[in-house]
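Structural overview for review
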Number of protein chains: 2
Amino acid sequence: MIARPELRSFQPPVRTLMGPGPSDVPPRVLAALARPTVGHLDPAFVGMMDELKELLRYTFQTRNELTFPVSAPGSVGMETCVVNLVSPGDTVVVCINGVFGQRLAENVRRAGGVPVIVEDPWGEPVDPAKVEDTFKAHPEASLLAFVHAETSTGALSDAAALAAIARRFGALTLMDCVTSLGGVPVLLDEWGIDAAYSGSQKCLSCTPGLSPVSFSEAAVARIRARKTPCQSWFQDLSLVLGYWSGAKRTYHHTAPVNPLYGLHESLLMLAEEGLEAAWQRHRDNHLRLRAGLEALGLRFVVREDARLPQLNTVWVPDGVDEAAARTRLLKEYGLEIGAGLGVFAGKVWRIGLMGHSSRPANIALCLAALKDVLG
Amino acid sequence: MIARPELRSFQPPVRTLMGPGPSDVPPRVLAALARPTVGHLDPAFVGMMDELKELLRYTFQTRNELTFPVSAPGSVGMETCVVNLVSPGDTVVVCINGVFGQRLAENVRRAGGVPVIVEDPWGEPVDPAKVEDTFKAHPEASLLAFVHAETSTGALSDAAALAAIARRFGALTLMDCVTSLGGVPVLLDEWGIDAAYSGSQKCLSCTPGLSPVSFSEAAVARIRARKTPCQSWFQDLSLVLGYWSGAKRTYHHTAPVNPLYGLHESLLMLAEEGLEAAWQRHRDNHLRLRAGLEALGLRFVVREDARLPQLNTVWVPDGVDEAAARTRLLKEYGLEIGAGLGVFAGKVWRIGLMGHSSRPANIALCLAALKDVLG
């Protein structure tokens with residue numbers, strides 16, 4: 001027998017989470033996680049699942065029947081959308097202006113699709129004119145995929161304009177709203193978005209690990225009309241559907257019961273505040289943080305009209321050891337801010353004001369700590 | 001705007017969970033879930049990830065470096081094993097003696113593999129002689145896949161014998177130990193199992209949503225030698241590795257932070273008790289429950305030498321409305337037992353004594369409630 005390790009319970013430090021997610025989780029949500037576990041087919045749990053779908057429809061501003069949380073992180077939400085909507089050989093217009101657009105393209109490739117890339121510089125929004133030109137050159141494209149709020153750069157793209165172009169060319173639209181949902185308007189039905197995925201740990205302020213998704217009737221029709229089965233058993237929506245909807249719920253996989261309690265509570269808190277009030281709070285707190293960052297001499301990466309209020313990306317000042325600075329923030333102040341990803345690694349900081357983290361107290365701490373660390 | 005729903009916090013009922021999982025979650029684990037969320041790249045969290053791997057190696061009885069929890073339910077652990085180990089065109093011997101063997105075969109098909117089925121009746125263990133004959137007929141087979149403890153029937157197969165056959169034919173072995181891990185001996189290294197996946201919500205007594213996996217050096221070598229990329233981005237172990245091991249941890253996906261606190265605590269409790277003591281407890285409590293069930297006139301589905309102590313499958317007596325009986329157990333006693341799946345639907349009950357649910361108090365409640373309901 002291999003001997004048992006001598007270890008103790010893990011007591012995490014208390015942090016203030018102002019990176020690109022996870023964001024601070026409110027005590028109400030943490031308390032919900034610790035409620036007694038029930039079975040995944042318990043009638044009481046099935047009732048809660050129905051409420052979750054209703055709360056998600058409000059959050060996504062959609063009437064889509066097929067709206068539910070995937071039992072896995074946002075990356076799986078992305079993959080679920082791609083492997084269901086893309087059949088081998090399909091042409092997909094994929095917009096890349098950061099890490100997550102790249103990941104979308106990689107998912108399309110692995111699903112056997114042919115991505116046609118629309119590239120924009122990191123830190124800029126997707127250019128609708130380029131998307132239009134690409135559809136003209138590829139009228140066979142059946143899907144447009146883009147990232148609404150690029151978590152790697154802090155840029156917001158014009159989802160309504162992009163979806164309108166796809167619609168004109170007879171294509172469906174798939175939108176990543178991992179970082180946008182709950183922080184800025186996300187209006188699936190008004191904009192005509194056919195499929196969207198998000199994450200629980202950003203502006204929804206739940207713990208990481210769940211990925212809300214929603215599919216329009218046109219998306220469901222495409223899934224139903226597939227000639228080849230979805231390559232993933234777990235992500236095959238034609239199978240998942242029996243568990244998340246219908247009169248009789250049938251076993252598909254064992255849902256993550258307690259994390260779903262947490263998501264229910266966090267969505268309820270958002271509904272209590274109201275979406276418009278939450279968007280306004282994110283805007284107000286962004287302006288407050290921005291004033292302080294600019295007073296410290298920090299410059300924003302993204303131009304003002306495409307800047308995400310919930311994810312503030314600034315250039316690391318010349319001569320500053322950015323990793324050492326983040327380590328000091330974490331060790332001395334218990335404050336987490338985000339490093340750069342991909343081509344932005346070592347060059348930018350990403351300061352999140354997402355969900356419960358978007359509070360004046362967090363801003364005051366962040367500005368005071370940054371002032372100290374930047375000397 | 002779509003109006004906000006008027007809902008309240010979800011307060012789950014308190015249940016006694018004696019189905020096929022989730023099982024009762026001890027208060028220590030529930031409390032761990034509610035600890036403060038930290039970032040998924042926080043040094044404190046990375047330290048806990050290392051402890052988790054160590055605890056899982058003890059639980060699986062393996063020295064495999066590549067041992068970690070997949071950030072999703074057991075079905076994704078299964079799919080992760082299959083899509084990494086199976087390349088298009090590979091022949092895979094798949095043993096089917098219940099629902100989860102069927103699911104393995106379906107996963108092999110969707111990964112482009114060619115399953116060769118070894119079929120045994122539901123309720124019986126996998127027959128090693130049939131596996132041997134199948135390998136003789138299919139010497140090209142590169143993988144054997146089987147379910148150690150069939151959750152749909154309660155039958156335990158002889159993993160050591162099956163892995164030895166695969167080894168003789170130069171094939172790797174993939175084992176489902178979702179229901180066995182922590183309840184009966186699972187000895188990956190001693191038996192020569194190359195890949196295994198489990199679930200957090202059975203004999204580990206954590207909440208559902210995580211899937212511990214482990215891969216031998218031979219399995220890792222096969223993954224490294226793949227000529228086609230893994231079809232799944234999220235499940236591609238060559239990418240996941242950078243986050244779960246190595247000197248510098250790189251971002252892959254955002255790990256489910258709080259659920260991992262829970263898994264750490266539940267594995268720690270198992271290590272404190274000791275694997276041998278836990279196996280003995282499961283055996284002792286099974287005998288106690290068995291005596292009571294037989295006194296009620298209930299008959300076991302599985303023959304004695306292949307019976308799982310943690311999952312007791314009995315025939316529903318003639319003339320009993322099984323769904324109505326389960327509803328009474330749930331409503332009057334807050335007791336959940338499992339229904340039959342697949343060909344066993346409506347014919348059997350599955351009574352779990354898994355992990356924290358394997359306690360004399362639960363057995364006393366279950367027997368008294370069944371006696372009442374069976375009248």
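Residues numbered from 1 in each chain as written. Chains lettered and ligands numbered in written order. Predicted model: local features only at pLDDT ≥ 70, side-chain atom pairs only at ≥ 80, totals over all residues.

What about the overall build of chain A?
Looking only at helices and strands, chain A has 13 helices and 13 strands in total. Taken along its principal axes, the extent of the C-alpha atoms in chain A is 60 × 55 × 50 Å. Residues counted as buried form 58% of the 375 residues belonging to chain A. A fraction of 72% describes how many contacts in chain A between residues 6 or more apart in sequence connect residues 24 or more apart. (Helix = DSSP H or I, 4+ residues; strand = E, 2+ residues; numbered from the N terminus. Buried ≥ 20, exposed ≤ 12 C-beta atoms within 10 Å, placed from the backbone. Contact = placed C-beta atoms within 7 Å.)

Description of the pairing of strand 5 (residues 143-147) of chain A
Residue and element names in this part refer to chain A. The buried count for strand 5 comes to five of five residues, which makes it a mostly enclosed element. Covered by surrounding structure in strand 5 are L143, A145 and V147 together with L144 and F146, the residues of both alternating faces. Two strands pair when backbone bridges link them, and strand 3 (residues 91-96) and strand 5 are joined in this way by three bridges, in the parallel orientation. Residue pairing in the sheet places V92 in a bridge with L143 of strand 5. As paired elements, strand 5 and strand 8 (residues 172-176) share five bridges and run parallel to each other. Residue pairing across strands places A145 opposite L174, the latter belonging to strand 8. (Pairing = 2+ DSSP bridges.)

Digging into the relation of the copies chain A and chain B
Overlaying chain A on chain B yields an RMSD of 0.0 Å, the required transformation being a rotation through 180 degrees with an accompanying axial translation of 0.0 Å. The superposition of one copy onto the other is thereby described by a two-fold rotation axis. Closest approach to the rotation axis among the C-alpha atoms of chain A is made by A72 of chain A, whose C-alpha sits 2.5 Å away. Taken together, the interface assignments show that 100% of the residues at the interface of chain A recur at the interface of chain B, consistent with an identical surface on both copies. (Least-squares fit on C-alpha atoms with pLDDT ≥ 70 in both.)

Quick look at the interface of chain A and chain B
At the junction of the two partners, chain A supplies 75 residues and chain B supplies 75 residues. Every element with two or more residues in the side of chain A that touches chain B is listed here: helix 1 (27-33), helix 2 (43-60), helix 3 (74-85), helix 4 (99-110) and helix 10 (257-273) of chain A.

A look at the sheet that holds strand 12 (residues 335-339) of chain B
Two modes of strand pairing occur in sheets, parallel and antiparallel, and in both the strands are linked by backbone hydrogen bonds. All names here are of chain B. Spatial strand order, 1-12-13-11: four strands in an open sheet with mixed pairing. Looking along the sheet, the strands with just one partner apiece sit at the ends: strand 1 (16-18) and strand 11 (311-315). The mean angle between the axes of side-by-side strands here comes to 30 degrees, regardless of whether they run parallel or antiparallel. Where strand 12 lies against strand 13 (residues 348-352), two bridges are found, and the strand directions are antiparallel. In the strand pairing of strand 13, G338 is matched with R350. (Axes fitted to C-alpha atoms, helices over the stretch in contact; angles between N-to-C directions.)

Some thoughts on the nonpolar core
With 235 residues, the main nonpolar core has L143 and L144 of chain A together with L143 and L144 of chain B as its most contacted residues. Examining the composition of this core, we find that eight residues originate from one element, helix 10 (residues 257-273) of chain B, more than from any other. Setting aside its immediate chain neighbours within four residues, L144 of chain B contacts V93, V131, L162, A166, A171, T173 and L174 of chain B. (Core = buried A, V, L, I, M, F, W, Y, C linked by C-beta atoms within 7 Å.)

What about the environment of G182 of chain A?
Residues and elements named next belong to chain A. By the secondary structure assignment, G182 is in the loop between strand 8 and helix 7 (188-191). For G182, a count of 27 C-beta atoms within 10 Å gives the class buried. G182 sits 122 residues away from F60 along the chain, and the two C-alpha atoms are 8.4 Å apart.

Looking at unusual backbone geometry
G21 of chain A connects to P22 of chain A through a cis peptide bond whose omega is 0 degrees. Relative to the helices and strands, P22 of chain A is located in the loop between strand 1 (16-18) and helix 1. Of note, the phi angle at S205 of chain A is positive, near 60 degrees, even though the residue is not glycine. Looking at the secondary structure, you find S205 of chain A in the loop between strand 9 (195-197) and strand 10 (211-215). Taking the number of C-beta atoms within 10 Å as the measure of exposure, S205 of chain A has 29 and is therefore buried. At Q61 of chain B, a position not held by glycine, the phi torsion is positive, near 50 degrees. Among the structural elements, Q61 of chain B can be located in the loop between helix 2 (43-60) and strand 2 (66-70).

Observations regarding the packing of helix 2 of chain A against helix 10 of chain A
Residue and element names in this part refer to chain A. Interhelical geometry of helix 2 versus helix 10 gives an angle of 40 degrees and a closest axis separation of 10 Å. With respect to helix 10, the axis of helix 2 lies oblique. Between helix 2 and helix 10 the crossing geometry is left-handed. Where helix 2 approaches helix 10, its residues F45, M48, E51, L52, L55, L56, Y58 and T59 are matched on the opposing element by V257, L260, L263, H264, L267, L268, L270 and A271. Classifying every residue of the contact of helix 2 with helix 10 by side-chain character gives 13 nonpolar, two polar and one charged. (Parallel < 35°, antiparallel > 145°, perpendicular 65-115°, else oblique. Left-handed = near helix turned anticlockwise from the far one by under 90°. Nonpolar A, V, L, I, M, F, W, Y, C, P; charged D, E, K, R; others polar.)

Comments concerning the packing of helix 12 (residues 322-333) of chain A against helix 13 (residues 360-374) of chain A
All names here are of chain A. Where helix 12 meets helix 13, the closest approach of the two axes is 10 Å, and the angle between their N-to-C directions is 125 degrees. Taken together, the axis directions place helix 12 and helix 13 in an arrangement best described as oblique. By crossing handedness, the relation of helix 12 to helix 13 is classed as right-handed. In contact with A325, R328, L329 and Y333 of helix 12, helix 13 contributes L365, A369 and V373. Residues of the contact of helix 12 with helix 13, tallied by class, amount to six nonpolar, no polar and one charged.

Digging into the domain arrangement of chain A
All names here are of chain A. You can read the domains of chain A as domain 1 (16-22 + 274-374) and domain 2 (27-270). Domain 1 and domain 2 are separated by 26 Å when their C-alpha centres are compared. Of the residues lining the interface, 24 residues belong to domain 1; the matching set on domain 2 comes to 26 residues. Elements with a contribution of two residues or more to the side of domain 1 that touches domain 2: helix 11 (275-295) and strand 11 (311-315). Of the residues assigned to the side of domain 1 that touches domain 2, the class counts are 14 nonpolar, eight polar and two charged. (Domains from an automatic or database assignment.)

Focus: the sheet that holds strand 12 (residues 335-339) of chain A
Residues and elements named next belong to chain A. Taken in spatial order, the four strands line up as 1-12-13-11 in an open sheet, and their pairing is mixed. Each edge of the open sheet is held by one strand with a lone partner, namely strand 1 and strand 11. Neighbour to neighbour, the strand axes of the sheet diverge by 30 degrees on average, direction disregarded. Across the sheet, helix 11 touches strand 11 and strand 13 (348-352), and the angle it forms with strand 11 is around 15 degrees. Against the sheet, helix 12 touches strand 12 and strand 13, its axis set at about 160 degrees to strand 12.

Observations regarding the environment of R103 of chain B
Relative to the elements of secondary structure, R103 of chain B occurs in helix 4 (residues 99-110). By the C-beta count within 10 Å, which is 22 here, R103 of chain B ends up buried. Along the sequence, R103 of chain B and F344 of chain B sit 241 residues apart, while their C-alpha atoms lie 16 Å from each other. Residue contacts for R103 of chain B: discarding those within four places in its chain leaves W233 of chain A together with M78 of chain B.

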